[in-house]
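Close look at the chain arrangement
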Amino acid sequence: MTTLAPRKRSARSGGPSVGRPGAVWAVPATIFFALFALVPLIFVGVLSFTSWSGLADPVFVGFDNWVKLIADPILTKSFGLTGLFVILGLITQTPLSILLGVWAAGHQKNRAVLSAIYFVPLLLSSAAISILWRALLDPNFGIPGQLPWLFGDGNLFGKQASAIAVLTFVSMWQFTPFHTLIYQGAARAIPPVLYQAAQIDGAGTVRQFFSVTLPQLRNSIITSGILMVVGGLTTFDTVLILTNGGPGTDTTITAFYMYQKAFRAFDFGQASAIAVVLVVIATAISLLVVRLSGYDKMQSAQEGI
Amino acid sequence: MNTHSRWLTRSLAGAAVIAVGLAMAGCSTGSSGASSRPENVIHVAVYGDATNKVEEQIVATFNKTSDVKVILDKIPGADYQQKLQTIISTKAAPDVFFNWGGGSIQDFVKAGLLLPLDDFIAEDPGLKDNFLPAVFNTAVIDGKPYGVPMRGTQPVMLFNNKTVLAANNITPPTTWEELLADVKILKAKGITPIALGGADQWTTLMWYEYIYDRVAGPGLFEKAISGDKSVWDSAASKKALGYIKDLIDAGAFGTNFDSVKFTDGGSPTLLRTGRAAFELMGSWNYSTQQSADPDFAAKDLGYTAFPAISGGEGDAGNVVGNPNNFYSVIKATRYPDTARDFLKLMYSDEFVKASMAIGNLPTTTNTEQFLDTAADPAYATFQFDLVKAAPSFQLSWDQAYPPAAGTPLKTAVQQFFNGQLDEAGFIQAMQAL
């Protein structure tokens, strides 16, 4: 009986609308998206053409904010820094999480226990993680104070290169477990028959990894990559707590600069203009990644199996 | 395809309706007149911290006799200025609110939101005369008073570790030359001469405030803040920068100060454990040290005024820091008379005694007679005499400028200190504020 029911329903509906619910189904999500994403976005767009400190009514100033934006050296620098963070995030986190994810996909007991421990950072808030690492990396009373041969005077937050390295490392510590989880799931979904076939053909573990596992993880790499890019573009809390954008403006990435303009300088017009730029860039990058990778064609990695 | 695009048009129209609705709702909250304010109460907003104990007591006293009651709104910690900025032009604005004077209320004054206190003072001259003038003047903007001092004064002083000084046979410096000599001795012994939590940036700023004051006099900053940006390029300004550079180059702060913070206990611990000998800090450093180690605060924590700089234009008695916090009154208040009567309590004996009991040092003329009731009478007396005798009490630069200038100011200060900016770069950054 139970196996018959769905077959009967699909037979009745038939035609081109098979398995597709009507537009009504999208209404709750659309309203939510419109109210909390589109409407604020429209307001931000409007605000970017005004001067507003939050006190009196916004004053329309035309393209003033945008002209200032183009001439602002800190903003230009922040784009470069943001790009650098995104790239550093991608190249440090991707290989590590693929290796860990594939390793954790095994069903051995010790792997299950170790991966459970390894996922702990995922449970902590970014603020807690940042405060923790700030204390651990204190030049006098933290790890650098104990290992002068490695860290010198421990001035990690006082030099651009080391400040960026700290931020990249903390992001890696924080987000690798999440991406590992994605790869663990994806690696477990690879049909064992592929490995059996590879073994018959004489492929060793390394060859199996590069010829079977990696190609099968393609879509997961794209998903995880997009998440890393978008996450990198919106990184904020770690910068605020660990470096406060410093030394000077050496780690002032675009999202943090927007915060400074809005909530420290109370220049909401300028901050809105930066926000619009961020939205456009993030959307463009996502679209680009999807296009270039052929993700939108929805090809299955298991065609022909 | 056709149904799809029609659906899209319809949903976009819906979004537009929602947007317009929200915009109209936003407009209706914007118009706030005295008539729309609550009846028979005034709201007093304060920064939420340990001092609220005094404020609660004063409010209770006031409400015993007043028909219009005061409601105390304690706004939690760090985001005070942000929250104030978002509510002050709305119906939810407090009638009376805590602030830092200077730049923290300048934008509100410009927007016409605050009540000048001239009329209050005409009705009760005590609202001005009972406070130390150098402190009261911090909340005078464009010649009109906008605030009444309401907490304790926080002058910046040069703290030292008495044990470290004694072990190296040095006394606290009274002149710049002595300071440089002490730095040399301490550095040779492998001790960081001066603890600096440079990652906080405002800590570094204190050195600029004092050195500029001693070398160029308080007039230079006054001119700069009132719009004469050429003073940053003057000979006196360059001379002050030279003094700062000399101190840094002498190794006074070590090399890793930009990774150290005051706010997470880093630099106070350096001073307390004897790994550093001096620290330039606000008067709150005493309670910071006391909560970590009461014995150290009582016996080993020394404090002196900032050294004199010979040949400089500033008086050696000048002080920088936070003169006090202030109560300001908004123009839209329904009960200005109640606000005035409430402000009168800020120079009452009860207020002074309650403040002294929790370690705050009020800046009223009657504070002097209660100094021996303080937790540490010697410390309270030293501070009060310092502030009372000061020809000028410069408000911290980052508070004196409006909020928009805060970040670029502190960035430039940090960059000149760690060598990322040279003299010309710093001058240019200050002129761009």
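Here is what the cut-offs are and how they apply
The numbers attached to residues start from 1 for each chain and follow its sequence in the written order. Lettering of chains starts at A and numbering of ligands starts at 1, both following the order in which they are written. Where totals are concerned, whole chains, interfaces and linings use all residues; where local detail is concerned, this predicted model gives features only for residues with pLDDT of at least 70, and gives and counts side-chain atom pairs only at 80 or more. Side-chain numbers come from the whole structure's heavy atoms, not from hydrogens or water. Secondary structure elements follow DSSP: runs of H or I no shorter than four residues count as helices, runs of E no shorter than two count as strands, and numbering proceeds from the N terminus. Residue exposure (1.4 Å probe, protein chains only): buried if accessible area is under 20% of the type maximum, exposed if over 50%, otherwise partly exposed. In what follows, a contact means two residues having at least one pair of non-hydrogen atoms within 4.5 Å. Method for areas: the Shrake-Rupley scheme with a 1.4 Å probe, in which residue coverage is limited to the protein chains shown. Paired strands, in this sense, are two strands between which DSSP finds at least two bridges. To define axes, lines are fitted to C-alpha atoms, for helices over the stretch in contact only, and angles between the resulting N-to-C directions are given on a 0 to 180 degree scale. What is meant by a nonpolar core is a set of buried Ala, Val, Leu, Ile, Met, Phe, Trp, Tyr and Cys residues, joined one to another through side-chain atoms within 4.5 Å. Either an automatic procedure or a domain database provided the assignment from which the domain bounds are taken. Note on aromatic pairs: the rings of Phe, Tyr and Trp (six-membered ring only in Trp) are paired at centre separations within 6.5 Å, and the planes decide the class, stacked below 30 degrees, edge-to-face beyond 60, tilted for the rest. Consider the ring centre and the ring normal. A charge sits over the ring if Lys NZ or Arg CZ is within 6 Å of that centre and within 35 degrees of that normal. A pairing counts as a salt bridge when a side-chain nitrogen of Lys or Arg comes within 4 Å of a carboxyl oxygen of Asp or Glu. Per-residue confidence from the predictor is reported as pLDDT, which spans 0 to 100. Summed over both partners, the accessible area (1.4 Å probe) lost when two parts come together is defined as the buried area. Polar contacts here mean pairs of N or O atoms no more than 3.5 Å apart (in protein, one a potential hydrogen donor and the other a potential acceptor; neighbouring residues in sequence count only if both atoms are side-chain atoms). Asp, Glu, Lys and Arg are counted as charged, while Ala, Val, Leu, Ile, Met, Phe, Trp, Tyr, Cys and Pro are counted as nonpolar; the rest, among them Gly, fall into the polar class.

Right, let's get into the overall build of chain A. Scanning chain A from N- to C-terminus turns up 15 helices and two strands. Across the 305 residues that make up chain A, the buried fraction comes to 39%. In chain A, of all internal contacts separated by at least 6 residues, the share reaching a separation of at least 24 is 68%. Element-wise, carbon and sulfur atoms account for 72% of the exposed surface of chain A, whose accessible area totals about 16900 Å².

Quick look at the sheet that holds strand β3 (residues 96-99) of chain B now. Residues and elements named next belong to chain B. A sheet is described by the order of its strands in space; here five strands give the open sequence β2-β1-β3-β12-β6, paired in mixed fashion. Looking at which strands have only one partner, the edges of the open sheet turn out to be β2 (69-76) and β6 (148-149). Two elements, β3 and strand β12 (residues 326-329), share four bridges in a ladder whose sense is antiparallel. Residue Phe98 lies in a different strand from β12, and its bridge partner there is Tyr327. Helix-sheet contacts for helix α16 (residues 336-344) involve β1 (41-48), β2, β3, β6 and β12, and the interaxial angle to β12 is about 170°.

This brings us to the environment of Leu271(B). All names here are of chain B. Tracing the backbone shows Leu271 in helix α13 (residues 266-272). Expressed as a C-alpha distance, the spacing of Leu271 and Tyr210, which sit 61 residues apart in the sequence, is 20 Å. Dropping the residues within four chain positions of it, Leu271 is found in contact with Phe159, Asn160, Asn161, Ala276, Ala277, Phe278, Glu279, Asn285, Gln289, Phe296 and Leu301.

Buried together is how nonpolar side chains tend to be arranged in soluble globular proteins. Ranked by size, the top nonpolar core spans 134 residues in total, and within it Phe97(B), Trp207(B), Tyr208(B), Trp232(B), Phe253(B) and Met346(B) carry the most contacts. With nine residues, helix α10 (residues 202-216) of chain B is the largest single contributor of residues to this core. Formed jointly, this core draws a minimum of three residues from each of two domains, domain 1 (36-152 + 324-366) and domain 2 (154-321 + 395-431) of chain B. Non-local contacts of Trp207(B), meaning those with residues more than four positions away in its chain, are made with Leu158(B), Leu179(B), Ile194(B), Leu196(B), Leu247(B), Phe253(B), Leu280(B), Phe306(B) and Phe417(B). If you look at the next biggest cluster of nonpolar residues, it comprises 16 residues, including Leu156(A), Leu242(A), Ile253(A) and Phe256(A).

Inspection of the entire model under this criterion finds 44 aromatic pairs over all chains. In textbook terms, an aromatic cluster arises when at least three aromatic residues are bridged by ring pairs, as seen for Trp207(B), Tyr208(B), Tyr210(B), Phe253(B), Phe257(B), Phe306(B), Phe416(B), Phe417(B) and Phe426(B). Above the plane of the ring of Phe157(A) lies Arg134(A), whose end atom (NZ or CZ) is 4.2 Å from the centre. For Lys245(B), the ring lying beneath its charged end belongs to Phe416(B), and the centroid distance is 5.1 Å.

With that out of the way, let us pick up the pattern of salt bridges. Residues and elements named next belong to chain B. Under the criterion given, the structure shown has 15 salt bridges over all chains. Two residues, Asp49 and Arg151, come together in a salt bridge whose shortest N-O distance is 3.2 Å. Pair noted here: Asp49 is in the loop between β1 and α2 (52-65) and Arg151 is in the loop between β6 and β7 (154-161), with a separation of 102 residues, a long-range link. With a closest N to O distance of 3.5 Å, Lys238 and Asp233 form a salt bridge. Take Lys238: its relative accessible area is 32%, and that puts it in the partly exposed class.

So, on to the confidence of the model for chain A. Within chain A, residue pLDDT values average 86, and 90% of them lie at 70 or more. Contacts for the low-pLDDT stretch residues 1-15 of chain A, under 50 throughout, to residues beyond four places or in other chains number zero contacts.

It is worth spelling out the domain arrangement of chain B at this point. Residues and elements named next belong to chain B. Structurally, chain B comprises domain 1 (36-152 + 324-366) and domain 2 (154-321 + 395-431). Measuring from the centre of the C-alpha atoms in domain 1 to the corresponding centre in domain 2 gives 31 Å. Listed per partner, the contact involves nine residues of domain 1 and seven residues of domain 2. Across the interface of domain 1 and domain 2, roughly 610 Å² is buried in total on both sides, 52% from carbon and sulfur atoms. Our count for the domain 1 to domain 2 interface comes out at two residue pairs in polar contact (both at pLDDT 80 or more). Tallied by class, the residues present in the side of domain 1 that touches domain 2 amount to one nonpolar, seven polar and one charged.

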